[in-house]
Amino acid sequence: MALCDERFISVIAVLLCLVQEACADEPPKAQLTLEHNWTKVYPTEAVTVRCDVYPPSSNWTHTLHRDGEVIGTGNDSKFSIASPKTGLYTCVGVHKENAAKTEPSKGILLEVYENGPNLSLTSEPASASVLYTGEKVTLKCTIAEDSKGWTYWWYKGQDKTHISNTGSHYILTTVTPADRGPYWCQVGRENFKPDYSSPLTLDIKDPPQPTLELKSRWPKVFPSEKVILKCDIQPPSSDWSYKWYRSRQEIIGENADTLLMSSVRTGDTGQYTCQGVHNRHVETILSNNVSINVYGQRPKPAQSKHPDAAVIYTEERVTLTCHVTEDSRDWQYSWFKDQAQTPFSNTSESTYTFPSVALADSGDYRCEVQRANLSVASDSLTLTVKDPPQPTLELKSRWAKVFPSEKVILKCDIQPPSSDWSYKWYRSGQEINGENTDTLLMSSVGTGDTGQYTCQGVHNRPVKTSESNSVSINVFGQRPKPARSKHPDAAVIYTEERVTLTCHVTEDSRDWQYSWFKDQAQTPFSNTNESTYTFPSVALADSGDYRCEVQRGHISGASDSLILTVKDPPQPALVLQSPWPKVFRSEKVILKCDIQPPSSDWSYKWHRSGQEISGEKADTLLMSSVGTGDTGQYTCQGVHKRHVETILSNNVSINVYDNKALPTLTQHPSYTSIYMEEQVTFMCEVEIDSTGWTFMWFSSHGQIQDSTTMNYTIQSAATKHNDKFWCIAQRGGYRSEKSTSLEVKILPRPETVLTLETGWADILTVDSLTLLCDVNDKEFQWNYTWYRDGNALEGNIQRDLHVKATKESYRSEYKCQGARMERPKYSMRSEAFIANNIVLKRQVLLSISGLLVVGIVLIIVGCVYFKVTRKPEKETPVEQDLFFSMAELKSRGDIASTSDLCQTEMVDKPTEKAESEDPPCLSEELLKEVKEQPNEDETDGFKSFKGL
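Just so it is clear, the model here is predicted, and its values are computed rather than measured.

Trainee: Just checking my understanding: could you explain the overall build of the protein chain for this structure?
Mentor: Counting secondary structure elements, the protein chain contains six helices and 77 strands. Across the 948 residues of the protein chain, 39% fall into the buried class. Considering only intrachain contacts with a sequence separation of at least 6, the fraction spanning at least 24 residues in the protein chain is 62%. Accessible area for the protein chain stands at about 55,700 Å²; split by element, carbon and sulfur atoms hold 49% of it.

Trainee: Sorry, what's going on with the side chain of Lys305 here?
Mentor: Tracing the backbone through its elements, the reader meets Lys305 in strand β26 (residues 301–306). Owing to a relative accessible area of 11%, Lys305 belongs among the buried residues under this scheme. At 3.4 Å, the side chain of Lys305 forms a polar contact with the backbone oxygen of Ala309. For Lys305, the contacting residues outside a window of four places in its chain are Thr319, Leu320, Leu381, Thr382 and Leu383.

Trainee: Explanation requested: the sheet that holds strand β4 (residues 60–66) in the structure shown.
Mentor: Strands in a sheet are paired, the pairing made by backbone hydrogen bonds, and the direction either parallel or antiparallel. The sheet built from five strands is open, its strands ordered β2-β8-β7-β4-β5 with mixed pairing. Every other strand in the sheet has two partners, leaving β2 (40–41) and β5 (69–74) as the edge strands with one partner each.

Trainee: Looking at this model, I keep getting lost on the pattern of salt bridges. Mind explaining?
Mentor: Any two side chains of opposite charge can pair if their charged atoms end up close together. Inspection of every chain in the model, using the stated rule, returns 28 salt bridges. Measuring nitrogen to oxygen at the nearest pair gives 2.7 Å for the salt bridge that ties Asp257 to Lys230. Within this pair, whereas Asp257 is found in the loop between β22 (249–250) and β23 (258–261), its partner Lys230 is found in strand β20 (residues 227–232), the two being separated by 27 residues in sequence. By relative accessible area, Asp257 is classed as partly exposed at 25%. Classification of Lys230 by relative accessible area gives partly exposed; the value is 24%. Between Glu316 and Arg461 there is a salt bridge, and its shortest N-O distance comes to 2.6 Å. In this pair, Glu316 sits in the loop between β27 (312–313) and β28 (318–324) while Arg461 sits in the loop between β42 (451–459) and β43 (471–475), placing the two residues 145 residues apart along the sequence.

Trainee: Honestly, the sheet that holds strand β49 (residues 532–535) in this entry has me stumped. Any pointers?
Mentor: If you trace the three strands from one edge of the open sheet to the other, you get β44-β46-β49, paired in antiparallel fashion. The outermost strands of the open sheet, each flanked by one partner alone, are β44 (483–487) and β49. On average, each strand axis in the sheet is tilted by 15 degrees relative to the strand beside it, whichever way the strands run. By the bridge criterion, four bridges tie strand β46 (residues 499–504) to β49 in an arrangement that is antiparallel. Along β49, the bridge assignment pairs Leu501 with Tyr533.

Trainee: Is there a simple way to explain unusual backbone geometry in this structure?
Mentor: Residues apart from glycine generally show negative phi values, whereas peptide bonds are mostly found in trans. With omega at -5 degrees, the peptide bond leading from Gln415 into Pro416 counts as cis. Along the chain, the position of Pro416 falls in the loop between β38 (408–413) and β39 (421–427). At Ser428, a position not held by glycine, the phi torsion is positive, near 50 degrees. For Ser428, the location among the structural elements is in the loop between β39 and β40 (430–432). Using a relative accessible area of 48% as the deciding quantity, one classes Ser428 as partly exposed. The phi dihedral of Asp789 is positive, around 55 degrees, even though this residue is not glycine. Structurally, Asp789 is set in the loop between β73 (783–788) and β74 (791–792).

Trainee: Sorry, what's going on with the state of the cysteines here?
Mentor: All chains considered together, the criterion is met by nine disulfides. At a sulfur-sulfur separation of 1.8 Å, the disulfide partner of Cys322 is Cys367. Because the sign of the S-S torsion sets the handedness, a value of about 65 degrees for the bond joining Cys322 and Cys367 places this disulfide among the right-handed ones. Taken together, the residues Cys322 in strand β28 and Cys367 in strand β32 (residues 363–371) connect sequence positions 45 residues apart. Put simply, Cys773 and Cys816 are joined by a disulfide, and their sulfur atoms are 2.1 Å apart.

Trainee: Any chance you could explain the packing of aromatic side chains here in plain terms?
Mentor: Given two aromatic rings, their pairing is described by the distance between the two centres and the angle made by the two planes. In this structure the tally under the stated criterion is 30 aromatic pairs. Taking the centre distance of 5.1 Å and the plane angle of 85 degrees together, the rings of Tyr155 and Tyr196 count as edge-to-face. Here Tyr155, found in strand β12 (residues 151–156), pairs with Tyr196, found in the loop between β15 (181–188) and β16 (200–202); they are 41 residues apart in sequence, far enough to count as distant. The interplanar angle of 40 degrees and the centroid separation of 4.8 Å between the aromatic rings of Phe403 and Phe476 together place this pair among those described as tilted. Note that Phe403 is positioned in the loop between β37 (401–402) and β38 and Phe476 in the loop between β43 and β44, a separation of 73 residues in sequence. Of the aromatic side chains, those joined through ring pairs into one cluster are Tyr42, Tyr113, Trp150 and Phe192.

Definitions and limits used
- Residues numbered from 1 in each chain as written.
- Predicted model: local features only at pLDDT ≥ 70, side-chain atom pairs only at ≥ 80, totals over all residues.
- Heavy atoms only, no water.
- Helix = DSSP H or I, 4+ residues; strand = E, 2+ residues; numbered from the N terminus.
- Buried < 20%, exposed > 50% of the residue type's maximum accessible area, 1.4 Å probe, protein only.
- Contact = heavy atoms within 4.5 Å.
- Areas by Shrake-Rupley, 256 points an atom, 1.4 Å probe, with all protein chains shown as cover.
- Polar contact = N/O pair within 3.5 Å; in protein donor to acceptor, adjacent residues only side chain to side chain.
- Pairing = 2+ DSSP bridges.
- Salt bridge = Lys/Arg side-chain N within 4 Å of Asp/Glu carboxyl O.
- Axes fitted to C-alpha atoms, helices over the stretch in contact; angles between N-to-C directions.
- Disulfide = S-S within 2.5 Å.
- Phe/Tyr/Trp six-rings, centres within 6.5 Å; stacked < 30°, edge-to-face > 60°.

Any link to function would need more than the numbers given here.
Given below as structure tokens:
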């Protein structure tokens, strides 16, 4: 505001000069002014100065000096100093055109502090570490260096919440606990705003509540006793004074923390409280109450016992109590029994305890109390001690043996009756939980309830009696399942028998009601307390399923069904077990009387043609050797051991022949002559009765062992079967007469001869053989069957067979047989022919021929050689030929025919003939040796000699 005034005055002066033209000749002047009105600043506080030249003109520039040194130049008249320093600041105007300068302006001395502003935050009252709710508090923010031009900001809390801009003082008129916490202040002027002050924390609490304490011994006192009360405020402080109240009325003249009443009166009875008063005019709330009661007379002790019962039971814990009604503290107690003048107990405790009373503890008891000089005696108290009563256990329900779901009631009786007793129940020594009344009701028992039951009384003090007598309860494993039976106990009952049904409860047979039902009926046909029901004479209609039901109280049980099967006595079936109803004398007959189902309970009666056979009671009638008197109609009858007889069985007729059996022998086919290899069958029959026979066959040579049937067959007839044959029939131990005999004549079959049709000359030139089959019988016309290796060749019934030259065919075995449609249907088979033997002979002949040719050639060559080279010598006789000729060998009698080298007749043929129609002659041994040796030149066919 002052700066504005100076500028305004300067402007007015310039105007006056211009008007009067009086100052037209004065030089211009420079004037330096501060933008604010304080010259003491802080190092970081920016300072703005203004340099004005008068008279004003835009032709001036300005320079700023500190202590004579230029620190700034500019056309603008304002200079901002960001970091000022202490010194004398002046300015000079410099003309832009002629560089003329004004005189330096009047200087401004600027002082810069070394540090930032030093803020101090304090409170009023300053000495209180704790402020109480309701007090007035003033916070002061002070700057130690300079207080000009400042604005103040106030903050609260750790987050520095802005709360006020009220100046250097912040006033809390009535503080509360919500005002507690740290406070900060901050100052600023122009654009300078330094850091916050240090925090100031206010601790605000509610005034403490005094605690009133009785320092003397008893709150209940008698007149003239002393009472001391203490009013305590924490933490302790001399700043507090005190007010005292009795029943809310202030006690005048008492301001110390202790209230002393050295000799009380009844008027001092009341509720006492106190209150603290602080020297800062803060008052606490009232303290707790302490009740002081001043009695109007001497005390009278009251005596009691626990338990408070007319009768105490032995071993109970009994406590005698001596109680001063007005005040029970700090008394001395003395106990007396009956008329004794000396106490049996003297103690500071108001009780005396008998841990376990006995009968001897019965008597009258009194007590005396004493405190200081005061002593008073009680009235007497009677203590009666007895043994606990013995409980009696009684079964109130009807049965000690019961079934599941039946009810059992047990009663535990204690005399005299009292509601003070509860009860414990035991099953086989184990306590039953949850049962405490005098009656144990088990409305639906289970098997787990079986056991020995006892009870025990438990008094509410508590006292236990001894256990009662025991009662045994037996619960069967399941609901009653009556067992039913019948007499007689048989699977089948026969009509007119007497039958008794019995229903029996195995576990307990008392007090049951029995109901009888048949089949699916829901209504009983009998309802009685008897366990049996009798049918005097059963009939077929009485068959069925019977069951019984038993009931006792609310429990019942049903039996399983019992099947009563009533039948007429069975009719025996008479069976012939031996093979034949028609027999011969001495044969065995067995009859079986069969009753179904089989049972050892039956015996038997036998009848022949209506007459009983005495002495026979088994089910089998054995007649080991019958005679004609055993012929008749047989029946049997069963007799049961329960005196039941069956009707007669069916008839079995037995017929005993008077004569012996004579078998008849027949032959098939019935030819008188049989060819060899034909089949013939003999049949032996017993014409009277042909069943069950075995047969023995005989010839004139004895019994034939290989047949026991009625037929004896000769599969392939031979000369040995030229014989007579007969038979004997046999069954069991019985043998028939000898049959008539039949004679069989065996004829031989015609012989068959197989010959090689191909000659030896052809064998050496062709590659096939022709076989010829002839039957030595001129009476019949024959066809032929050829066989190779035992298999018939189909499609060839001619007399001859051509065998092609193959390896397989020449190694095969060939046979033939004559065949015709009538007897004899075929001849004997021929001897076997193997073509390979002929082939072998051909190969041997070829080999020998080759050797002979080579030998002859060698002989000729030798002869020529010797003839050319030999010298004339004397003639020597010609040596005899070492080899026999074939003719000579033939003529020798010492060579048997079985070992001849030749099988063909060559006796009359000359030995020198090189070729012959007959094959060469070799020994069987040589042929065999050659045959066994492998010959690489052997081929499947014959080779021709024409090319040799």
